[in-house]
Amino acid sequence: MEYEVMRKKLDAYRKPSGQFRRVNGDLLIELLRMWEMHKGPSVEVARQLGMKSKQLGRLVQAARKIAAMTEAVDPAFHELLPQDVPEEAIKGGTGIEMVWGSDKIIRFPTVDTLMDFLKKAS
C-alpha cells in the first residue's frame, strides 16, 4: 500500500519518456526513508515503484545530498547533549571517536559520555 502511494507521487514528476525531473526534496527524503526501511534488494523497491533500479539509485543519491545539506530534515532526530562534561576535555581534543554508519564520526570527551550514548541509542 505504501509503495502504491509513493509510486503515484513520483509519477507526477515523470516525463513521458520515463525520466524523473525536478522531484521535490521532501518527496526525495520520503523515498530515502522508505528505501532505508526496506529489507532486501533494491531491485524489489524499484519494481514496486514502477521504475528501473538505476532510476531509483539516482533518486536515492539525490535524496542523500538533500538530507546531508538540509537542516532538521528528520523530525525524529534528537541531538544528545553531554551533561557534566569537563570543559577542558572538550577543548583539549582528547576523547574517543566512534564511527557510526559508513560516513559519520561521533566524538566523545569521556568514556562515561560514550556509555550514556550507547545506553540511550539502544
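In this text, all values refer to a predicted model and were calculated from it rather than measured experimentally. (Residues numbered from 1 in each chain as written. Predicted model: local features only at pLDDT ≥ 70, side-chain atom pairs only at ≥ 80, totals over all residues. Heavy atoms only, no water.)

## Looking at a nonpolar patch on the surface
Link 1 in the chain: A contiguous nonpolar patch, built from Trp-100, Val-111, Met-115 and Leu-118 and spanning about 360 Å² of accessible area, is present on the exposed surface.
Link 2 in the chain: For the nonpolar patch, the element with the most residues is helix H6 (residues 111–121), which contributes three residues.
Link 3 in the chain: Along the chain, Met-115 turns up in helix H6.
Link 4 in the chain: You can call Met-115 partly exposed: its relative accessible area is 40%. (Patch = residues over 30% accessible without salt bridge, like charges linked within 9 Å, V, L, I, M, F, W, Y side chains within 5 Å. Areas by Shrake-Rupley, 256 points an atom, 1.4 Å probe, with all protein chains shown as cover. Salt bridge = Lys/Arg side-chain N within 4 Å of Asp/Glu carboxyl O. Helix = DSSP H or I, 4+ residues; strand = E, 2+ residues; numbered from the N terminus. Buried < 20%, exposed > 50% of the residue type's maximum accessible area, 1.4 Å probe, protein only.)

## So, helix H3 (residues 42–49)
Link 1 in the chain: Listing the buried residues of H3 in full gives Val-45, Ala-46 and Leu-49. Looking straight down H3, one finds that the buried residues subtend no more than 95 degrees of arc, so they occupy a single side. Exposed side of H3, more than 90 degrees from the buried face: Val-43 and Arg-47 are the residues found there.
Link 2 in the chain: Residues of H3 that are buried make contact with helix H1 (2–11), helix H2 (25–37) and helix H4 (53–69).
Link 3 in the chain: At the C-terminal side of H3, Gly-50 shows a positive phi close to 75 degrees. (Arc of directions from axis to C-beta. Contact = heavy atoms within 4.5 Å.)

## Topic: the pairing of strand S2 (residues 104–108)
Link 1 in the chain: By the bridge criterion, five bridges tie strand S1 (residues 96–100) to S2 in an arrangement that is antiparallel. Bridge pairing in S2 links Met-98 to Ile-106.
Link 2 in the chain: In sequence, S1 turns back onto S2 through a hairpin of three residues, with Gly-101 there showing a positive phi of about 80 degrees. (Pairing = 2+ DSSP bridges.)

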